[in-house]
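The primary structure of each chain is shown beneath.
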Amino acid sequence: MTAAEQTILADGRVELRPEVDAALGTSALHNEDLAPVPIAKRVWTTYNYVALWIGMAHNVATWTLAAGLVALGMAWYQAIMTIMIANVIVLLPMLANSHAGTKYGIPFPVFARASFGVGGANLPALIRAFVACGWFGIQTWIGGGAIFTLVGAVLGKTSWWSTAASFPILVGPAQPWTLWLSFAIFWVLNILIVLRGMEAIRKFENWAAPFVLVVAIFLLIWMAYSAGGFGPLVQDHGTVGWSLDKFWFGIFPPALMGMIAFWSTLSLNMPDFTRFGRSQREQAIGQALGLPTTMTLFPLIAVLVTSASTVVFGAPIWDPVALVAKFDNPLVVVFAVFTLAVATLSVNVAANIVSPSYDFSNLSPRRISFRTGGLITGVIGILIMPWNLLSDPHLYIFTWLNTYGGATGAIAGVLIADYWWIRNRTLTLADLYRKDGKYQYASGWNWIAVVALLVGIVFAIGGSYSVLDAAGKATGPFPPNGLIPFLKPFADYSWVVGFIVAFILYGVLTKVAGNKAATTEG
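Conventions used here
Residues numbered from 1 in each chain as written. Predicted model: local features only at pLDDT ≥ 70, side-chain atom pairs only at ≥ 80, totals over all residues. Heavy atoms only, no water. Helix = DSSP H or I, 4+ residues; strand = E, 2+ residues; numbered from the N terminus. Buried < 20%, exposed > 50% of the residue type's maximum accessible area, 1.4 Å probe, protein only. Contact = heavy atoms within 4.5 Å. Areas by Shrake-Rupley, 256 points an atom, 1.4 Å probe, with all protein chains shown as cover. Lys, Arg positive; Asp, Glu negative; His and termini not counted. Charge placed at Lys NZ, Arg CZ, Asp CG, Glu CD. Salt bridge = Lys/Arg side-chain N within 4 Å of Asp/Glu carboxyl O. Axes fitted to C-alpha atoms, helices over the stretch in contact; angles between N-to-C directions. Parallel < 35°, antiparallel > 145°, perpendicular 65-115°, else oblique. Left-handed = near helix turned anticlockwise from the far one by under 90°. Nonpolar A, V, L, I, M, F, W, Y, C, P; charged D, E, K, R; others polar. Phe/Tyr/Trp six-rings, centres within 6.5 Å; stacked < 30°, edge-to-face > 60°. Expected span 1.5 Å × (residues − 1). Bend = angle between axes of the 7 residues up to and from the residue. Core = buried A, V, L, I, M, F, W, Y, C linked by side-chain atoms within 4.5 Å.

A. A look at the overall build of the protein chain. For the protein chain, the helix and strand inventory stands at 23 helices and four strands. Over its C-alpha atoms, taken along the principal directions, the protein chain stretches across nearly 70 × 50 × 40 Å. Within the protein chain, buried positions represent 60% of all 522 residues. Considering only residue pairs separated by 6 or more positions, the protein chain has 80% of its internal contacts joining residues 24 or more positions apart. Accessible area of the protein chain: about 19600 Å², with a carbon and sulfur share of 70%. The averaged location of the 23 negative side-chain charges in the protein chain is 4 Å from the averaged location of its 28 positive side-chain charges.

Okay, here's the thing in structure tokens:
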């Protein structure tokens, strides 16, 4: 039946025959958003993927990545090196998972059905979805801050807007009600774009990417000119040096894992975007050109601008929203903050709403559409209380990033072992949408994938620990000796440990126990 149900192009891409896709429309596992993209609609080019990554990488969170590492004792060049290495590493699983999206035109949760089962795929999809909800909340809070600053610059620092009464929401510090309002406005802007669908997202990313890049370079030139150079920060060599104990086996491993985790979620769900790719070559080159370069350049610009701010304003200002608020010309402030808002909107829509929209739709395809999934993402993003996650670099890098990084590493290990090792990149496309197909396993779940995932997660984050401050107080929510003490040595390598353990365990168990779905592909 496989050959009769699908068409294989000369370049290896596969699509379902129209009558087969139509027949699957009655399946509980199928809807218009999750269905394979027809070849005629796979139109994304190299530029689209370069622009996508530039648009996602140019945001306030990326700008402040180096700040978090410098605050923990690294020199600026150590921070940039760590970020660059991390993004080269994370590019590899990203391209590995992207292949299935381009070849079969399927999103991440449908791709996960091959390894986890048509029901079990909801487990990795929901883990990915809730992480994206957290990031959506973080970026929306940052974008709301940009709107708050923009309006304050127009009305004045002593206006009713800037001096509004403060109160807390849920848990956290009190904030001006106008900041909460700005947060709500930015939330609505994100949701409106998603409701217009993937084509609207592609067009938005195409123009937002070069716009933000040009403005960032202009800001660097202007600050360097105003400071008469790049300032004193570039002369600061940090406090940890290059010693084995303090750097290479001290701060570097958890920092590297945190930087890998920054985009590790996208390494899972890039099929959500590459399913629209015109060819494997174009999506791979586009991502290779867009991710490591941009993620190295943008934090570097941030370091140089921040260093120059020390001379211009008397102190280093890492927060770009706070930096532009220092400018005297209201028009300059408005333009700069508008750019920050566009940059944050760009990454939020592409990186943090697209994936969970598909993931939540996969829960119940007949009831939850891509757009409904976007609304669910927005609500959860608020409930996660992002204003607390951004308050402390230890909480942000070592708790938030490293903890979910271990989980996403384990998911990537299962997906890549299944697709590249077990199946040799061959799937039965129509059966991904059938409850009586070869991916049904045991009541829709592949127990081998679930075991490999859970064991990988335990090894990755089971040893999570909190460091002690000068007063002997833990700086995070974990015990100093780790949740599971004998796993503590693995905690600093969470993403890599999760990936390796899940990859090996899934492959070995599948080979030993046998996997009918894997051995009868084609």
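B. The pattern of salt bridges, seen in detail. Within this structure, the stated rule accounts for five salt bridges. The closest approach of N and O atoms between Arg-13 and Asp-11, which form a salt bridge, is 2.8 Å. Looking at Arg-13, the relative accessible area reads 8%, which means it is buried. Using a relative accessible area of 43% as the deciding quantity, one classes Asp-11 as partly exposed. A salt bridge links Arg-423 to Asp-418; the nearest nitrogen and oxygen atoms lie 2.6 Å apart.

C. The arrangement of the packing of helix H9 (residues 177-195) against helix H17 (residues 370-383) in detail. Packing of H9 against H17 leaves a shortest axis separation of 9 Å and a crossing angle of 160 degrees. Our classification of the angle between H9 and H17 gives roughly antiparallel. Taken as a pair, H9 and H17 cross one another with a handedness that is right-handed. Of H17, the residues touching H9 (which contributes Phe-183, Trp-187, Ile-191, Val-194 and Leu-195) are Phe-370, Arg-371, Gly-374, Leu-375, Gly-378, Val-379 and Ile-382.

D. Looking closely at the packing of helix H6 (residues 76-104) against helix H11 (residues 244-269). In contact at an axis separation of 8 Å, H6 and H11 are set at 40 degrees when each is read in the N-to-C sense. When the axes of H6 and H11 are compared, the pair comes out oblique. Note on packing geometry: the crossing formed by H6 with H11 is right-handed. Residues Gln-78, Met-81, Thr-82, Ile-83, Ile-85, Ala-86, Asn-87, Ile-89, Val-90, Pro-93, Met-94 and Asn-97 of H6 form the contact with H11, whose own contacting residues are Phe-247, Trp-248, Phe-252, Ala-255, Leu-256, Met-259, Ile-260, Trp-263, Ser-264, Leu-266, Ser-267 and Leu-268. A per-class count over the contact of H6 with H11 returns 18 nonpolar, six polar and no charged.

E. The arrangement of the environment of Ile-89 in detail. The residue Ile-89 is located in helix H6 in this model. Discounting residues that sit within four places of it in the chain, Ile-89 has contacts with Leu-256, Ile-260 and Trp-495.

F. Expanded view of the packing of aromatic side chains. According to the stated counting rule, one finds 32 aromatic pairs in the structure shown. Seen in terms of ring centroids, Tyr-419 and Trp-420 are 5.8 Å apart; in terms of plane orientation they differ by 85 degrees. Their pairing is edge-to-face. Using a relative accessible area of 0% as the deciding quantity, one classes Tyr-419 as buried. The partly exposed category is assigned to Trp-420, whose relative accessible area is 34%. Judged by centre distance (5.5 Å) and plane angle (25 degrees), the ring pair of Trp-421 and Phe-503 falls under stacked. Here Phe-503 lies in helix H22 (residues 494-513) and Trp-421 lies in helix H19 (residues 393-422), a separation of 82 residues in the sequence. We classify Trp-421 as partly exposed; its relative accessible area is 35%. These aromatic residues form a ring-pair network of at least three members: Trp-76, Tyr-77, Trp-242, Phe-247, Trp-248 and Phe-252.

G. Fine view of H11. For H11, spanning 26 residues, the distance from its first C-alpha to its last is 36 Å, which sits close to the expected 38 Å at 1.5 Å a residue. The sharpest bend along H11 reaches about 50 degrees and sits at Phe-252, with the proline Pro-253 one to four residues further on. Burial analysis of H11 places 20 of its 26 residues in the buried class, which makes it a mostly covered element.

H. Examining the nonpolar core more closely. Counting 144 residues, the largest nonpolar core has Trp-263 and Phe-273 as its most contacted members. Sort the elements by how many residues they give to this core and H11 lands first, with 13 residues. Apart from the residues lying within four places of it in its own chain, the contact partners of Phe-273 are Trp-44, Tyr-49, Leu-52, Met-198, Leu-266, Ala-350 and Val-354. In this structure, Trp-141, Leu-179, Trp-180 and Phe-183 belong to the second largest nonpolar core, which totals seven residues.

I. Geometry of unusual backbone geometry. Even without being a glycine, Met-385 presents a positive backbone phi close to 60 degrees. When you line up the elements, Met-385 lands in the loop between H17 and helix H18 (386-389). Phi angles above zero are rare outside glycine, and Arg-425 is one such case at about 65 degrees. Tracing the sequence through the fold places Arg-425 in the loop between H19 and helix H20 (447-461).

J. Molecular detail of the environment of Pro-477. Relative to the helices and strands, Pro-477 resides in the loop between H20 and helix H21 (488-491). With relative accessibility at 56%, the residue Pro-477 sits in the exposed group. For Pro-477 and Val-234, which are 243 residues apart along the polypeptide, the C-alpha to C-alpha distance reads 34 Å.

K. Summary view of the side chain of Asp-431. Along the chain, Asp-431 falls in the loop between H19 and H20. Accessibility expressed as a relative area gives 10% for Asp-431, which makes it buried.

L. View of the environment of Lys-326. Within the secondary structure, Lys-326 sits in the loop between helix H14 (320-324) and helix H15 (330-352). Using a relative accessible area of 42% as the deciding quantity, one classes Lys-326 as partly exposed. Distance from Lys-326 to Ala-114, taken between C-alpha atoms, is 53 Å for residues 212 residues apart in sequence. If we skip the residues at most four places from it in the chain, Lys-326 touches Phe-313 and Ile-317.

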